Amino acid sequence: MPAEIPCEKLAWDTDFFGFGVGKVTAERVDPETLAAVDEFCHEHDIEVVFYLADADDMESAHHAEDAGYRFVDDRITLDRDLDELPESVDTPATFRTATDADIPALRKIAGDVFRYDRFHADPGFDDEQADEMRATWTENMCGDLGDRVIVADIDGRVGGFIALELDDGVGKIVLTGVDEFAQGENVGSGLTVAALQWFREEGCDSAAVVTQGRNIPAQRIYQKLGYRTADSKLWFHKWFR
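Everything numeric here is computed off the predicted structure, so don't read it as measured data.

Draft legend 1. Fine view of the overall build of the chain. The helix and strand inventory of the chain stands at 8 helices and 10 strands. Based on the C-alpha atoms only, the size of the chain along its principal axes is roughly 55 × 35 × 30 Å. Within the chain, the proportion of its 241 residues that are buried is 48%. In the chain, the share of contacts with a sequence separation of at least 24, taken over all contacts with a separation of at least 6, comes to 75%. Total accessible area on the chain stands at roughly 12000 Å², and carbon and sulfur atoms take up 44% of it. Put simply, the chain has 23 plus and 51 minus side-chain charges, and the middle of one group is 4 Å from the middle of the other.

What follows is the structure in structure tokens.
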């Protein structure tokens, strides 16, 4: 068995879903490492464990598949510098900082529009739970978890939002959602431009965002606004039910 335990139990996820959730902490895995993960999961009542592999590490990916892990998502990171920002886009929306009064609308948008993530892709998770997880995450970003949430306002209605955090000079987009009634109005692009402007105001040198490989609409927005693919990883899940 490896000297260091290659797995951890995720407290927030475990509390939220109501069963044990774990994550492989090793970047590269082999049969011995994955056997140690299995032992840890059984000892700590973990029902599902996540593993994030480098997309170019097919050896680890194949070991994971052989050990019963199922591929559920490709995780794409895009980034750009903040030297020259894109111009404002043509949209009917205006942009402002979210308030507590916006939280019900933000939760609804998050619960309705996020369908590309790995929790919805994994049949082991209930879709309603996956929806609620995204809604709760969005609400938490309005509190201590995030640094700012920007809302797109269209005629007094919340048409979308973008949740942001600052990380050692890098401005990160954490979540973005556009309500169905506001789609096709450049709201997502407008929110992204507003985020980039705020990042530079806060002294960031660069910006980054994580999305899914199959979320082509989001990737096109980011690429149009100067983002380029920086990293690719693969998510695997293993269930012990």
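Having seen the structure, we can now continue with the description.
Draft legend 2. Inspection of the packing of helix 7 (residues 187-201) against helix 8 (residues 216-224) at higher detail. Where helix 7 meets helix 8, the closest approach of the two axes is 10 Å, and the angle between their N-to-C directions is 45°. Here helix 8 runs oblique to helix 7, going by the angle between their axes. Helix-helix and strand crossings are classified by hand; for helix 7 and helix 8 the assignment is right-handed. Here helix 7 contributes Gly-188, Ser-189 and Thr-192 to the contact with helix 8, which in turn contributes Ile-221, Tyr-222 and Lys-224.

Draft legend 3. Just the environment of Gly-203, in detail. Relative to the helices and strands, Gly-203 is located in the loop between helix 7 and strand 9 (206-212). Considered as a pair, Gly-203 and Cys-142 are 61 residues apart in the sequence and their alpha carbons are 21 Å apart.

Draft legend 4. A look at the packing of aromatic side chains. Overall, the coordinates contain 18 aromatic pairs when judged by the stated rule. Measuring from ring centre to ring centre gives 4.8 Å for Phe-17 and Phe-125, while their planes differ by 50°; the resulting arrangement is tilted. Taken as a pair, Phe-17 in helix 1 (residues 11-17) and Phe-125 in the loop between helix 5 (118-121) and helix 6 (127-141) lie far apart in primary sequence, 108 residues in all. Phe-125 carries the same exposure label as Phe-17, and that label is buried. With a centroid separation of 5.0 Å and 65° between ring planes, the pair formed by Phe-125 and Trp-239 is classed as edge-to-face. One end of the pair, Phe-125, is in the loop between helix 5 and helix 6; the other, Trp-239, is in strand 10 (residues 228-239), with 114 residues separating them in the sequence. In textbook terms, an aromatic cluster arises when at least three aromatic residues are bridged by ring pairs, as seen for Trp-12, Phe-16, Phe-17, Phe-19, Phe-50, Phe-119, Phe-125, Trp-235 and Trp-239. Sitting over the ring of Phe-50, Arg-118 keeps its end group 4.4 Å from the ring centre.

Parameters at a glance
Residues numbered from 1 in each chain as written. Predicted model: local features only at pLDDT ≥ 70, side-chain atom pairs only at ≥ 80, totals over all residues. Heavy atoms only, no water. Helix = DSSP H or I, 4+ residues; strand = E, 2+ residues; numbered from the N terminus. Buried < 20%, exposed > 50% of the residue type's maximum accessible area, 1.4 Å probe, protein only. Contact = heavy atoms within 4.5 Å. Areas by Shrake-Rupley, 256 points an atom, 1.4 Å probe, with all protein chains shown as cover. Lys, Arg positive; Asp, Glu negative; His and termini not counted. Charge placed at Lys NZ, Arg CZ, Asp CG, Glu CD. Axes fitted to C-alpha atoms, helices over the stretch in contact; angles between N-to-C directions. Parallel < 35°, antiparallel > 145°, perpendicular 65-115°, else oblique. Left-handed = near helix turned anticlockwise from the far one by under 90°. Phe/Tyr/Trp six-rings, centres within 6.5 Å; stacked < 30°, edge-to-face > 60°. Lys NZ or Arg CZ within 6 Å of the ring centre and 35° of its normal.

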